[in-house]
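What follows is the residue order along each chain.
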Amino acid sequence: MFTYVLTFVACLGAAGDRCRSVELPWDGSLMQCMLFGQQAAAQWTSEHPGYAVLRGWRCESGRSA
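So, a few notes on the structure that sits alongside this text.

Conventions we followed
- Sequence positions are assigned chain by chain, starting from 1 and proceeding in written order.
- With the structure being a predicted model, the display of local features is reserved for residues of pLDDT at least 70 and the display and counting of side-chain atom pairs for 80 or more, all residues being used for whole-chain, interface and lining totals.
- To get the side-chain values, take all heavy atoms of the structure and skip hydrogens and water.
- In what follows, a disulfide is any cysteine sulfur pair within 2.5 Å.
- Helix and strand labels come from DSSP, where a helix needs a run of H or I of at least four residues and a strand needs a run of E of at least two; each type is numbered from the N terminus.
- Three exposure classes are used, based on accessible area relative to the maximum for each residue type with a 1.4 Å probe and protein chains only: buried under 20%, partly exposed in between, and exposed over 50%.
- The criterion used for residue contact is that any of the two residues' heavy atoms lie within 4.5 Å.

## A short note on the state of the cysteines
1) Next: Tallying each qualifying case throughout the model produces two disulfides.
2) Next: Disulfide partner of Cys 11: Cys 19, at an S-S distance of 2.0 Å. Taking the torsion about the S-S bond as the criterion, the Cys 11 to Cys 19 disulfide, at about 100 degrees, is right-handed.
3) Next: Sulfur-sulfur distance for the disulfide between Cys 33 and Cys 59 comes to 2.1 Å. Across the S-S bond of Cys 33 and Cys 59 the torsion is about -95 degrees, and the bridge reads as left-handed. Of the two residues, Cys 33 is situated in helix H1 (residues 30-47) and Cys 59 in strand E3 (residues 51-64); the sequence distance between them amounts to 26 residues.
4) Next: Residue classification places Cys 33 among the buried positions, given a relative accessible area of 0%.
5) Next: Relative accessible area serves as the criterion here: at 18%, Cys 59 is assigned to the buried category.

This is the structure we're talking about:
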């Protein structure tokens, strides 16, 4: 069984010069990650004030469980 990771780049402030790569473990199928990943990324930004998601998000294969 494979796990998935929701990945995106989040930047602090409007300038976009302080960015970080975010990887959230995804407990579900690849299809669920693709359908609900945007919602999870939005929740992450609401929990991290000042950050904004840059260049979208994607679902990747993680390590085998």
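So that's the structure; there's more coming.
## Re the side chain of Thr 7
1) Next: Residue position: Thr 7 is located in strand E1 (residues 2-12).
2) Next: Excluding residues that lie within four positions of it along the chain, Thr 7 makes contacts with Val 22, Glu 23, Trp 57, Arg 58 and Glu 60.

## Points about the environment of Leu 6
1) Next: Note on placement: Leu 6 falls in strand E1.
2) Next: Once the C-alpha coordinates of Leu 6 and Cys 33 are considered, the two residues, 27 residues apart in sequence, prove to be 7.1 Å apart.
3) Next: For Leu 6, the residues in contact, after removing those within four places along its chain, are Val 22, Glu 23, Leu 24, Trp 26, Cys 33, Gly 37, Ala 40, Ala 41, Trp 57, Arg 58 and Cys 59.

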